[in-house]
2 protein chains.
Amino acid sequence: MSANPASNANPPAPESGVSASASASPSPTFSPLYQQIKGLITQSLESGEWKPGEIIPSEVELAARYKVSQGTVRKAIDELAADNLLVRRQGKGTFVATHNEERAQFRFLRLLADDGAEHPHVSRLLECRRLRASADIARQLDLRPADPVVLIKRLLQFDGDSTVLDEIWLPGGVFRGLTAERLAEYKGPLYAMFEAEFGTRMIRASEKIRAVAAEPAVADVLHVPAGFPLLSVERVSYTYGDRPVEVRRGWYVTTGYYYQNDLS
Amino acid sequence: MSANPASNANPPAPESGVSASASASPSPTFSPLYQQIKGLITQSLESGEWKPGEIIPSEVELAARYKVSQGTVRKAIDELAADNLLVRRQGKGTFVATHNEERAQFRFLRLLADDGAEHPHVSRLLECRRLRASADIARQLDLRPADPVVLIKRLLQFDGDSTVLDEIWLPGGVFRGLTAERLAEYKGPLYAMFEAEFGTRMIRASEKIRAVAAEPAVADVLHVPAGFPLLSVERVSYTYGDRPVEVRRGWYVTTGYYYQNDLS
DNA sequence: TAGTGGTCTAGACCACGTC
DNA sequence: ACGTGGTCTAGACCACTAA
């Protein structure tokens with residue numbers, strides 16, 4: 001369309017607060033601008049500059065701050081939203097994701113009743129104490145053996161049925177002030193408490209699922225006979241930078257309920 | 001920069017092969033252009049204009065065909081690639097996804113050895129016959145009761161261990177020429193055969209997972225004692241348009257292997 | 001009415017793969 | 001050298017929300 005000769009529009013002087021390759025290295029360590037922006041935004045999230053539930057600056061503001069175009073900021077935010085770190089709301093702004101949202105609940109406990117309905121559950125705290133990490137737990141949490149950890153045992157009841165028994169290990173350093181009292185008085189999801197009280201956000205988790213026979217101690221708590229088939233779920237949860245911050249071992253009674261998984 | 005007054009660059013005459021709202025309805029049934037393009041591309045995929053593994057026209061060509069900008073086509077393809085319907089390869093082009101790719105394998109059978117390794121498996125066909133759908137199967141496959149269906153039973157062996165027993169129901173109409181012979185002679189994943197031989201591509205699946213005690217018949221095939229804890233996996237697979245085209249019931253022996261799931 | 005995110009366009013340049 | 005997808009920019013307009 002525009003018949004202007006000598007066309008050379010965009011490449012602005014390389015005075016962007018960020019840059020791809022420092023000197024004369026054309027491609028070896030090439031990283032797109034929007035990835036760098038994504039990293040900067042993640043830093044601000046991690047440092048607590050914008051807290052869970054809060055609104056972050058508008059795309060135009062961020063573009064000005066980082067000296068890039070709005071489109072570049074947009075692409076960075078797009079990916080962070082896809083990763084569930086941010087939530088976009090048209091007409092309102094972009095917000096830091098929270099484990100309090102309805103959707104976030106189901107993300108980490110995909111247990112549905114046989115009719116497909118999502119039932120509410122209540123949590124009963126069985127135990128909460130500090131101890132030294134076993135070699136196995138230390139390895140999974142990227143700690144040294146015998147480092148302090150917090151162990152939580154709890155029971156989840158769906159409609160009064162004891163359905164899930166969880167053993168949760170957390171690094172003692174990060175969760176310094178965590179006690180049975182504080183756990184008991186907090187309403188809502190555990191992960192919501194972790195992010196609100198300890199500044200630790202669970203970003204993703206990896207689970208190993210097996211069918212096992214209930215050991216007597218477990219069977220007792222879940223009110224099933226010893227040897228009863230249970231779903232064994234071993235989870236490791238990660239926070240920013242893919243650092244592991246939780247190991248969880250769960251036993252699920254899957255009579256009347258099932259674990260829902262979507263492959264796509 | 002360009003100081004041209006009377007600026008009004010983009011909105012081209014509304015003569016695009018596609019359009020959002022026909023007449024004077026401003027928003028009620030608003031659909032972004034790129035969504036419409038996405039739909040058109042999906043149609044071409046479904047109709048077989050571009051077959052699995054083949055390359056599709058370049059972004060520039062598609063933009064010309066649909067009379068939209070390359071950026072709009074790009075966004076449509078971006079989403080289709082995110083949905084695993086297309087695969088982008090820089091410098092080469094965009095290709096129709098296939099169930100033959102290594103990555104696709106693991107997508108629908110997430111069974112790993114205890115050490116985290118992905119072991120190869122062999123499939124042994126136990127049974128393949130045609131029968132009339134039960135009420136339950138008919139409902140799940142969106143058929144009428146007593147409609148013809150194909151039932152396949154097979155055993156998967158990992159390192160010689162009988163690990164997975166599958167019962168697979170398929171609509172008889174779509175899988176007309178499916179016989180034990182054709183199943184036996186085909187190498188590679190079942191879904192790869194379905195897309196190559198019957199033009200039916202599995203896009204996504206939904207699984208209900210439980211722990212159950214092995215019934216005698218099942219226990220026998222899997223070489224475990226009756227009552228042994230097994231992972232029960234009930235899967236419904238969908239093709240284009242979210243139409244269900246497979247019901248699968250699997251029993252997994254999870255000693256030495258586990259079902260891997262990532263929450264994100 | 002103003003501000004936000006959402007869509008669409010157009011054009012330039014870069015990185016990658018192939019001929 | 002050429003074509004492909006990938007990045008980046010700039011600007012316009014649309015849809016949604018709230019004051």
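What counts, and at which threshold
- Every residue gets a number counted from 1 within its own chain, in the order that chain's sequence is written.
- For naming, the first written chain is A and the first written ligand is 1, with later ones following in the order written.
- For this predicted model, a pLDDT threshold of at least 70 governs which residues receive local features, and a threshold of 80 or more governs which side-chain atom pairs are given and counted, while totals over whole chains, interfaces and linings are taken from all residues.
- Just so you know, side-chain values use all the structure's heavy atoms and leave hydrogens and water out.
- Here, two residues are considered to be in contact whenever any of their heavy atoms come within 4.5 Å of each other.
- Buried area is understood as the total, over both parts, of accessible area removed when two parts are fitted together, assessed with a 1.4 Å probe.
- Put simply, a salt bridge is a Lys or Arg side-chain nitrogen that is within 4 Å of an Asp or Glu carboxyl oxygen.
- In protein, a polar contact means a hydrogen-donor-capable atom and an acceptor-capable atom, both N or O and within 3.5 Å, with residues adjacent in sequence counting only if both atoms are side-chain atoms; elsewhere, any N or O pair within 3.5 Å suffices.
- Numbering goes from the N terminus for both helices and strands, where a helix is a DSSP run of H or I of at least four residues and a strand is a run of E of at least two.
- Copies overlap after least-squares fitting; the atoms used are the C-alpha atoms of residues with pLDDT of at least 70 in both.
- Here, strands pair whenever DSSP counts at least two bridges between them.
- To get an axis, fit a line to the C-alpha atoms, keeping to the stretch in contact for a helix; angles then go from 0 to 180 degrees between the N-to-C directions.
- A 1.4 Å probe rolled over the protein chains alone gives each residue an accessible area, and that area as a share of the maximum for its type sets the label: buried under 20%, exposed over 50%, partly exposed in between.
- The directions from the helix axis to the C-beta atoms form the arc being described.

- Per an unreviewed UniProt entry, chain A carries the name UTRA domain-containing protein and comes from Paraburkholderia acidisoli.

Quick notes on the interface of chain B and chain A
Okay, so step 1: Contact with chain B, which involves 28 residues of that partner, is made by 30 residues of chain A.
Okay, so step 2: Among the residues chain B hides against chain A, the three largest losses belong to Arg210, Asn261 and Leu263 of chain B. Together they make up 25% of the total.
Okay, so step 3: Counting every contact that joins chain B to chain A gives 2 salt bridges.
Okay, so step 4: Salt-bridge contacts for Asp114 of chain A lead to Arg210 of chain B; the nearest nitrogen and oxygen are separated by 2.6 Å.
Okay, so step 5: Between chain B and chain A we count 19 residue pairs in polar contact (both at pLDDT 80 or more) in total.
Okay, so step 6: For the side of chain B that touches chain A, the secondary structure elements donating two or more residues are α4 (102–108), β7 (204–213), β8 (229–239) and β10 (257–263) of chain B.
Okay, so step 7: The element best represented in the side of chain B that touches chain A is β7 of chain B, accounting for 10 residues.

What about the relation of the copies chain B and chain A?
Okay, so step 1: You can overlay chain B on chain A at an RMSD of 0.0 Å; the transform is a turn of 180 degrees with a shift of 0.0 Å along its axis. Read as a symmetry element, the transformation amounts to a two-fold axis.
Okay, so step 2: Most of the interface of chain B is mirrored in chain A, where 100% of its interface residues again form contacts.

Description of the pairing of strand β1 (residues 86–89) of chain B
Residues and elements named next belong to chain B.
Okay, so step 1: Judged from the 4 bridges that link them, β1 and strand β2 (residues 93–96) form a sheet pairing that is antiparallel. Looking across to β2, one finds that Val87 is bridged to Phe95.
Okay, so step 2: Counting the residues between successive antiparallel strands, the hairpin from β1 to β2 contains 3 residues, one of them, Gly91, with a positive phi of roughly 85 degrees.

Focus: the sheet that holds strand β5 (residues 121–132) of chain A
Sheets are built from strands that pair by backbone hydrogen bonding, the pairs being arranged parallel or antiparallel.
Okay, so step 1: As summarised here, the arrangement of the 8 strands in space is β5(A)-β6(A)-β7(A)-β10(A)-β9(A)-β8(A)-β10(B)-β3(B), forming an open sheet in which the pairing is antiparallel. Each having just a single partner strand, β5 of chain A together with β3 (111–113) of chain B make up the two edges of the open sheet. Strand-to-strand twist of the sheet, defined as the mean angle between neighbouring strand axes without regard to direction, takes the value 25 degrees.
Okay, so step 2: Each of β6 (148–158), β7 (161–171), β9 (229–239) and β10 (243–252) of chain A is contacted by helix α7 (residues 190–197) of chain A, which is oriented at about 160 degrees to β10 of chain A, the strand it contacts most.

Looking at helix α2 (residues 59–66) of chain B
Residue and element names in this part refer to chain B.
Okay, so step 1: Among all positions in α2, only Glu59, Leu62, Ala63 and Tyr66 are buried. Down the axis of α2, the smallest arc covering the buried residues is 105 degrees, so these residues share one side. Turned more than 90 degrees from where α2 packs its buried face, Val60 and Ala64 sit exposed.
Okay, so step 2: In this structure, the buried side of α2 is in contact with α1 (33–47), α3 (70–82) and β1.
Okay, so step 3: Directly after α2, the chain includes Lys67, whose backbone phi takes a positive value near 60 degrees.

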